[in-house]
Amino acid sequence: MDPDSPGGALTYRLWDLGGARSAGSHGDGQRPDQPLLVWRIRWKDRPVKVLVVDGANVVGSVPDGWWRDRAGAAARLHAGLQNADLSFDWVVLVLEGSAGAGVPAGEVAGVTTVHAPGVGDDEVVAQCRDHTASGDAVTVASADRGLLSRLDPLGVTTLGPRALRAEVSSQR
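Below is a summary of the structure that appears in this document. Keep in mind that this is a model prediction, so the values were computed, not measured. (Residues numbered from 1 in each chain as written. Predicted model: local features only at pLDDT ≥ 70, side-chain atom pairs only at ≥ 80, totals over all residues. Heavy atoms only, no water.)

The next point concerns helix α5 (residues 161-169). Taken as a whole, α5 has its buried residues at Pro161, Leu164 and Val168. Seen end-on, α5 carries its buried residues on one side only, within an arc spanning 65°. Contacts from the buried residues of α5 go to β3 (49-54), α1 (55-59), α2 (70-83), β7 (137-141) and β8 (157-159). (Buried < 20%, exposed > 50% of the residue type's maximum accessible area, 1.4 Å probe, protein only. Helix = DSSP H or I, 4+ residues; strand = E, 2+ residues; numbered from the N terminus. Arc of directions from axis to C-beta. Contact = heavy atoms within 4.5 Å.)

In structure tokens:
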């Protein structure tokens, strides 16, 4: 929709992807060095479609040697997400542990990378909770049954990691 048309009004909001939660909210007492602030654009006629990617689960869904180079595997996933023509307005890639060394935190080419300060699943839940609370239509890419059961009350849609990888690799 044209933002200049009467029905295309935009609203803007500053979104904090890491610094607003209190220390210890992830169980480890750590906080990101600086908050990641992103301006959100929301069309008034539809929710923002957000894909939250459980990086560890998506990378680990195919036994391609990722365990020898977790940072490299995360970088390849990030590059694939950047280059893919996905049907989402916003893609959030959650990385944990040594995988974070492969991709800096922040937004690069339409993919927002968040380094989990503790357990990656806790950060995936926090991202999904924050986005659904804002009225976003959230899809999570993961097959982790424990994680998905924690997300059930939020009403997020699920996308299997192999389906996401197939979509990303088909567009290379």
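From this point, the discussion proceeds with the structure in view.
Counting buried positions along strand β4 (residues 90-95) yields 6 of 6 residues, so the element is predominantly enclosed. Here β4 shows no split at all, with Trp90, Val92 and Val94 on one side and Val91, Leu93 and Leu95 on the other all buried. Note: β3 against β4, 5 bridges, orientation parallel. Paired with Val53 across the strands is Leu93, a residue of β4. Relative to strand β6 (residues 111-115), β4 runs parallel, the two sharing 5 bridges. The residue of β6 that forms the bridge with Leu95 is His115. (Pairing = 2+ DSSP bridges.)

A word on the side chain of Ser61. Assignment of secondary structure puts Ser61 in the loop between α1 and α2. For Ser61, a relative accessible area of 11% corresponds to the buried category. Residues within four places of Ser61 in sequence aside, it is in contact with Pro161, Arg162 and Arg165.

Purely spatial values, then, with no claim about function.
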